[in-house]
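Residue-level structure breakdown
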Amino acid sequence: MNIEERRRLRYEKLLAVGIALLGAPEGPSISVRAACRAAGLTERYFYESFTDRSEYVRAVYAHVGEQARTVIASAVHSAGGRERAAAPVRAFVELVLDNPSAGRVLLLAPLSEPAIGGSGAALVPSFVELVRAQLTGLDRDEQHLLAVGVVGALTALFVGYLDGSITTPREKFLAHCVRLVAEAGRNSTARVP
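As a convention, each chain's residues are numbered from 1 in the sequence order in which they are written. Confidence filtering applies because this is a predicted model: local features only for residues at pLDDT of at least 70, side-chain atom pairs given and counted only at 80 or more, and all residues used for totals across whole chains, interfaces and linings. Values shown for side chains rest on all heavy atoms present in the structure; no hydrogens or waters enter the calculation.

1. Digging into the overall build of the protein chain
Filter applied, for reference: Think of it this way: any DSSP run of H or I at least four residues long counts as a helix, any run of E at least two long counts as a strand, and we number them from the N terminus. Buried means the residue's accessible area, taken with a 1.4 Å probe over protein chains only, is under 20% of the maximum for its type, while exposed means over 50%, and partly exposed covers the values in between. Calculation of accessible area relied on Shrake-Rupley with a 1.4 Å probe; when residues are assessed, cover is drawn exclusively from the protein chains displayed.
Along the backbone of the protein chain there are 10 helices and 0 strands. When the helices and strands of the protein chain are listed from N to C terminus, the series reads α-α-α-α-α-α-α-α-α-α. Each of the 193 residues in the protein chain was classed as buried or not, and the buried ones make up 42%. A total accessible area of about 10,300 Å² is found for the protein chain, and carbon and sulfur atoms account for 56% of it.

Here it is as structure tokens:
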């Protein structure tokens, strides 16, 4: 294994550890020392990849955000027919449920971690566009408003699930989230006078 491969492996190990620390159930508890200890690396190796803790936190957040976008894009491209609307939602819900640390990084960490404060809002437009694309029979403004509302509802559901205030069984939770988007799409032709 050459030096670049070892460096890449250390970087990936630090990202994985960062997800666990930033997405800890009790809230973000991330420091250079904690990351190095958990990864079994010295600080020297930390600083070969990151200039400081803030850059590290932003890299971890960006990494999880990219994982979410990849999972959703894959679901959009592979789904067809009736499953096309539900597949991206199902993929994202499964990502959050199967890896709660990643879900907490995306949805909860930006609320308390200064290095990524406001970053959660940066991901919202891509999720809104994903939902908006499933809505038909409305003008663009109405589609956008409905999509923002659905994404807001889904976010509140995810936050509740991740912080433990929603204790619904996994499959029921997943089905509810998928149904929420599907029903928004079906009801998008119903107009309010």
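2. Some thoughts on the packing of aromatic side chains
The criterion, for reference: Aromatic pairs are defined between Phe, Tyr and Trp rings, using the six-membered ring for Trp, whenever the two ring centres lie within 6.5 Å; interplanar angles under 30 degrees are classed as stacked, those over 60 as edge-to-face, and all others as tilted.
In total, this model carries 8 aromatic pairs according to the counting rule given. Put simply, the rings of Y11, F46, Y47, F50 and Y56 pair up and form one aromatic cluster.

3. Digging into the environment of T136
If you trace the backbone, T136 turns up in the loop between α8 (119-132) and α9 (140-163). On the basis of relative accessible area, T136 is assigned to the partly exposed category, the value being 48%.

4. A look at helix α10 (residues 170-186)
Since one α-helical turn is 3.6 residues long, residues separated by three or four positions face the same way. The following threshold applies: Here, expected helix span is obtained from the residue count minus one, scaled by 1.5 Å. Directions are taken from the helix axis to each C-beta atom, and the arc is the one they span.
Taking 1.5 Å per residue as the helical rise, α10 with its 17 residues ought to reach 24 Å, and the 24 Å between its terminal C-alpha atoms agrees with that figure. Within α10 the residues assigned to the buried category are F173, L174, C177, V178, V181, A184 and G185. Angular distribution of buried residues about the axis of α10 spans 130°; they occupy a single face of the element. The outward face of α10, more than 90 degrees from its buried face, is lined by the exposed residues E171, K172 and R186.

5. What to know about the packing of helix α6 (residues 100-107) against α9
Rules: Note on geometry: axes are lines fitted to C-alpha atoms, helical ones only across the stretch in contact, with angles between N-to-C directions running from 0 to 180 degrees. By the definition adopted for this analysis, an angle is roughly parallel if under 35 degrees, roughly antiparallel if over 145, roughly perpendicular if from 65 to 115, and oblique otherwise. Helix crossings are classified by the rotation of the near helix relative to the far one: an anticlockwise turn of less than a right angle makes the crossing left-handed, while a clockwise turn makes it right-handed. Only heavy atoms matter for contacts: two residues are in contact if any of them lie within 4.5 Å across the pair. Only Asp, Glu, Lys and Arg are considered charged in this grouping, and only Ala, Val, Leu, Ile, Met, Phe, Trp, Tyr, Cys and Pro are considered nonpolar; every other residue, Gly among them, is considered polar.
Where α6 contacts α9, the two axes come as close as 10 Å, and the packing angle between them is 130°. What the angle tells us is that α6 and α9 run oblique. Of the two elements, α6 crosses α9, and the hand of that crossing is left-handed. Contacts between α6 and α9 involve P100, G103, R104 and L107 from the first element and T155, F158, V159 and L162 from the second. Per-class residue counts for the contact of α6 with α9 are 5 nonpolar, 2 polar and 1 charged.

6. Concerning the nonpolar core
Inclusion rule: The set of buried Ala, Val, Leu, Ile, Met, Phe, Trp, Tyr and Cys residues whose side-chain atoms join them within 4.5 Å is what this entry labels a nonpolar core.
If you look at the biggest cluster of nonpolar residues, it comprises 56 residues, and the most contacted ones within it are L14, L22, Y56, F92, V93, F158 and C177. Elements that contribute at least two residues to this core include exactly α1 (3-22), α2 (32-39), α4 (53-78), α5 (83-98), α6, α8, α9 and α10. By residue number, the principal contributor to this core is α4, which donates 9 residues. For F158, the contacting residues outside a window of four places in its chain are F92, V93, V96, L107, F173 and C177.

7. Points about the pattern of salt bridges
For clarity, the threshold we go by: Within this document, salt bridges are pairs made up of a side-chain nitrogen of Lys or Arg and a carboxyl oxygen of Asp or Glu, the two lying within 4 Å of each other.
Inspection of every chain in the model, using the stated rule, returns 9 salt bridges. E113 is the partner of R53 in a salt bridge, and the nearest nitrogen-oxygen pair spans 2.7 Å. Of this pair, R53 sits in helix α4 while E113 sits in the loop between α7 (109-112) and α8, placing them 60 residues apart in sequence. Counted as one network, the salt bridges with shared partners bring together E4, R7, R10 and E48.

8. With respect to α6
Burial runs high along α6: 7 of the 8 residues are buried. Taken together, the buried positions of α6 are S101, A102, G103, R104, V105, L106 and L107.

9. Notes on the environment of R58
In this structure, R58 sits in helix α4. Overall, the relative accessible area of 42% leaves R58 in the partly exposed class. In this structure, the C-alpha to C-alpha distance between R58 and I116, residues 58 residues apart in sequence, is 6.0 Å. Look past the residues within four positions of R58 in its chain and what remains in contact with it is A115 and I116.

10. Examining the environment of E4
Put simply, the rule reads: Two N or O atoms form a polar contact when they lie within 3.5 Å of each other; inside protein one atom must be a possible hydrogen donor and the other a possible acceptor, and for residues adjacent in sequence the pair counts only when both atoms belong to side chains.
Relative to the helices and strands, E4 is located in helix α1. When its relative accessible area of 47% is taken as the criterion, E4 is described as partly exposed. Among the polar contacts made by the side chain of E4, one reaches the side chain of R7 at a distance of 3.1 Å.

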